[in-house]
Amino acid sequence: MNSDNKIIGGMLGLPNTVVPAKSSKPVDWMFLKDSNLFLVNARSGIKILIDLLEPTNVWMPSYLCPTMIEGVDQKKTNLRFYEIDYNLRIPSVNWIEQIQAGDIVAMIDYFGFPLDINVATLAKKRGGLVLEDACQALLSEYVGQHADFVLFSPRKFTGVPDAGILASCCDVMFDNVELEAVPVLWWLSRLEATINRREFDQYGCERRWYQLFQATQATMPCGYYAMSDLSKQLLRKSFNYSDIAQVRIENYSVLVSKLKDIALFPKLSEGTVPLGFPVRYSRRDLIREKLFQEQVYPPVHWQLDQVTPEEFRGSRRLAGHIMTLPCDQRYDKADMERIAQIILEELGW
């Protein structure tokens, strides 16, 4: 497919090979360390960590992926929220005074950008244990520097069928955590989805991958399930992460040069490797519909209805205005210019 009719967006497809990919520069990636807990998905990491630490409270940001809550058994643990405003910032630290020793404080590296270091430091001083949600920051350089635990979701950056990783930055280890194999039928459907997406990208066949992806998302397991051997081997051998990071950074730069006025992050900070290019606009749904018509599919991170309390108005407002433009390694400068042109024409700029 050429750039004018290529489908842009959606899940990544399975790699063509498990032949080792040589990196242009050696990097000791934190998410590949042997001491990590390799799981079927990230939400399982939240559940297991809570079971292990038994905190009185789990603090989560008011702007978050709803799946994070699935790992919290609210019959045993109090789920508390702290405010994230319209600019993805934490406007007040007053809530930190309520943190009890041993509480888990989840903080998100939104779209690959670093968490609030000041808040993380204050939470740790109160005896809180900081869980850095780096699910959108797999390749960002700063991850883990201010956290007790780090959560990764390689599926958002690579075409593996399953993968969630929990890493420890403190003296808590996972040696005694026993895992079982993921449900076979679910995993086979997920594998089929990633294969179908690969074939679709290469040959333009039917979009069966989308139906399979939606079905497996709706039935995603959460618990003591291990990452599949296939996904683990792919992560260790099949990706040149330095090249992936470079392409994402270059694509982000193209978009920011053309869409800076609606970019949530108009500057890519040093060491940040973006998940995507988040934009914010009051007429988002009209622009998104136009992109759909042109076969560009930007996701919304996230829908917060019935997830966080209505009092967090900034988060709710942001959820209604934000969408994430794809800028991953499947695409190039021409693809980014195509996306930007569609949006600029719709905005009348």
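See the structure printed just above.
Residues numbered from 1 in each chain as written. Predicted model: local features only at pLDDT ≥ 70, side-chain atom pairs only at ≥ 80, totals over all residues. Heavy atoms only, no water.

Points about the overall build of the chain
When helices and strands are counted, the chain shows 9 helices and 11 strands. Relative to the globule expectation of 20 Å for 349 residues, the C-alpha radius of gyration of the chain, 20 Å, shows essentially globular dimensions. Out of the 349 residues belonging to the chain, those deemed buried represent 55%. Pairs at least 24 apart in sequence give 71% of the contacts found in the chain among residues at least 6 apart. On the chain, roughly 16000 Å² of surface is accessible, and the fraction owed to carbon and sulfur atoms is 48%. (Helix = DSSP H or I, 4+ residues; strand = E, 2+ residues; numbered from the N terminus. Rg over C-alpha atoms; globule rule 2.2 N^0.38 Å. Buried < 20%, exposed > 50% of the residue type's maximum accessible area, 1.4 Å probe, protein only. Contact = heavy atoms within 4.5 Å. Areas by Shrake-Rupley, 256 points an atom, 1.4 Å probe, with all protein chains shown as cover.)

So, the side chain of His321
Inspection of the secondary structure assignment puts His321 in helix α8 (residues 313-321). The contact partners of His321, leaving out residues within four places of it in the chain, are Tyr86, Val279, Arg280, Tyr281, Ser282 and Arg284.

Observations concerning unusual backbone geometry
Along the chain, His301 connects to Trp302 via a cis peptide bond; the corresponding omega equals 0°. Counting through the fold element by element, Trp302 comes out in the loop between β10 (296-297) and α8. We note that Leu88 has phi near 60°; this positive angle belongs to a residue other than glycine. Secondary-structure assignment places Leu88 in the loop between β4 (78-82) and β5 (104-108).

Concerning the nonpolar core
Here is a general trend for soluble globular proteins: nonpolar side chains tend to be buried in one another's company. Counting residues in hydrophobic clusters, the biggest one holds 116 residues, and the most contacted among them are Met60, Tyr63, Leu139, Phe152 and Leu325. Top contributing element to this core by residue count: helix α6 (residues 241-259), with 8 residues. Apart from residues no more than four positions distant in its own chain, Tyr63 is found in contact with Ile84, Leu88, Ile108, Tyr110, His301, Trp302, Leu304, Ser315, Leu318, Ala319 and Ile322. Membership of the second largest hydrophobic core comes to 7 residues, among which are Ile7, Ala193, Phe200 and Phe213. (Core = buried A, V, L, I, M, F, W, Y, C linked by side-chain atoms within 4.5 Å.)

With respect to the state of the cysteines
In this structure the tally under the stated criterion is 0 disulfides. Unpaired in this structure, Cys65 has its nearest cysteine sulfur neighbour in Cys135, at a distance of 8.1 Å. The buried category is assigned to Cys65, whose relative accessible area is 19%. The thiol sulfur of Cys169 is not disulfide-bonded, and the nearest other cysteine sulfur, from Cys170, lies at 7.2 Å. (Disulfide = S-S within 2.5 Å.)

So, a nonpolar patch on the surface
The grouping of Val184, Leu185 and Leu188 at the surface amounts to a nonpolar patch, some 320 Å² of accessible area in total. Owing to a relative accessible area of 42%, Leu188 belongs among the partly exposed residues under this scheme. (Patch = residues over 30% accessible without salt bridge, like charges linked within 9 Å, V, L, I, M, F, W, Y side chains within 5 Å. Salt bridge = Lys/Arg side-chain N within 4 Å of Asp/Glu carboxyl O.)

A word on helix α4 (residues 208-218)
Those residues of α4 lying buried are Trp209, Leu212, Phe213 and Thr216. All buried residues of α4 project into a common sector of 105° when viewed along the axis, lining one side. Elements in contact with the buried residues of α4: α3 (184-203). (Arc of directions from axis to C-beta.)

Some words on the pairing of strand β3 (residues 57-61)
Within β3, 5 of the 5 residues are buried, which leaves it mostly tucked inside the rest of the structure. Of the two faces of β3, the one holding Asn57, Trp59 and Pro61 and the one holding Val58 and Met60 are both buried throughout. Across 5 bridges, the pairing between β3 and β4 is parallel. In the strand pairing of β4, Val58 is matched with Leu79. (Pairing = 2+ DSSP bridges.)

Quick look at the side chain of Ser231
Mapped onto the secondary structure, Ser231 falls in helix α5 (residues 229-237). Judged by its relative accessible area of 0%, Ser231 is buried. For Ser231, the side chain forms a polar contact with the side chain of Ser228, separated by 3.1 Å. Residue contacts for Ser231: discarding those within four places in its chain leaves Val160, Pro161 and Asp162. (Polar contact = N/O pair within 3.5 Å; in protein donor to acceptor, adjacent residues only side chain to side chain.)

A few points about the pairing of strand β7 (residues 149-152)
What you see with β7 is no split at all: Phe149 and Leu151 on one side and Val150 and Phe152 on the other are buried throughout. Pairing of β7 with strand β8 (residues 164-168) involves 4 bridges; the strand directions are antiparallel. Bridge pairing links Phe152 to Ile165 in β8.

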